[in-house]
Amino acid sequence: MTDSAGWLASVCDGALESLDTQPKPTETHHRYLLEQQFEGARITTGESVPCYDCGGHLHEGRPVSARACRYSDEPTYTIAAVYCAGCAPTNLTETAHGRRDGLLEANLGLAMARQTHWTILVDPTVVATA
């Protein structure tokens, strides 16, 4: 467990956007930055998170897939759903116009500050983006 009182519920996408004077990041670079941004991302308060599809309780150490999304007018990505290994989608089939989506594979971790615990993503890997 890690003391991480500074973790945010949403992940800033500011590092992924380049200025007009800088070259645009490649898709590989974008995925790498997205993985870095989601390392330690707070999923929910408590020691478990339910699978979006089956409702099974997922605890620290379990492998999961997570869907992250960001609308074009929002500065941050948000974890929209967490799936157990059995329910995990293999690609992003449902996307919306004006929204960036990412599908990540990660393990669940547990962070704490004083008496509060929350579930976080550990070692995320981008599987797909849309």
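Just above sits the structure.
Residues numbered from 1 in each chain as written. Predicted model: local features only at pLDDT ≥ 70, side-chain atom pairs only at ≥ 80, totals over all residues. Heavy atoms only, no water.

Colleague: Help me get a handle on the environment of L92, residues and values and all.
Modeller: Here L92 is to be found in the loop between β7 (76-84) and β8 (99-113). Judged by relative accessible area, which is 14%, L92 ranks as buried. Once residues lying within four places of it in the same chain are set aside, the contact partners of L92 are R67, D101, G102, L103, A128, T129 and A130. (Helix = DSSP H or I, 4+ residues; strand = E, 2+ residues; numbered from the N terminus. Buried < 20%, exposed > 50% of the residue type's maximum accessible area, 1.4 Å probe, protein only. Contact = heavy atoms within 4.5 Å.)

Colleague: An account of the pattern of salt bridges is needed here, citing residue identities and associated values.
Modeller: Side chains that differ in charge, positive against negative, can pair when their charged atoms come close. The tally for this structure, following the rule as stated, stands at two salt bridges. One salt bridge connects D101 with R67, and the closest N-O pair in it is separated by 3.6 Å. Here the residue D101 occupies a position in strand β8, and R67 occupies one in strand β6 (residues 63-71), the gap between them amounting to 34 residues. We classify D101 as buried; its relative accessible area is 2%. (Salt bridge = Lys/Arg side-chain N within 4 Å of Asp/Glu carboxyl O.)

Colleague: Which residues make up the packing of aromatic side chains, and what are the values?
Modeller: On inspection of all chains with the given rule, the structure shows two aromatic pairs. Aromatic side chains F38 and Y77 sit 6.0 Å apart centroid to centroid with 75° between the ring planes, which places their arrangement in the edge-to-face category. Remark: Y77 occurs in strand β7 and F38 occurs in helix α1 (residues 27-38); sequence separation between them is 39 residues. Assessed through its relative accessible area of 0%, F38 is described here as buried. Note on Y52 and Y83: the rings are 5.7 Å apart at their centroids and 75° apart in plane angle, and the pair reads as edge-to-face. With a gap of 31 residues between them, Y52 in the loop between β4 (48-50) and β5 (57-59) and Y83 in strand β7 connect regions that are remote in the sequence. For Y52, a relative accessible area of 56% puts it in the exposed group. In this structure, R42 packs its charged tip against the face of W118, placed 4.5 Å from the ring centre. (Phe/Tyr/Trp six-rings, centres within 6.5 Å; stacked < 30°, edge-to-face > 60°. Lys NZ or Arg CZ within 6 Å of the ring centre and 35° of its normal.)

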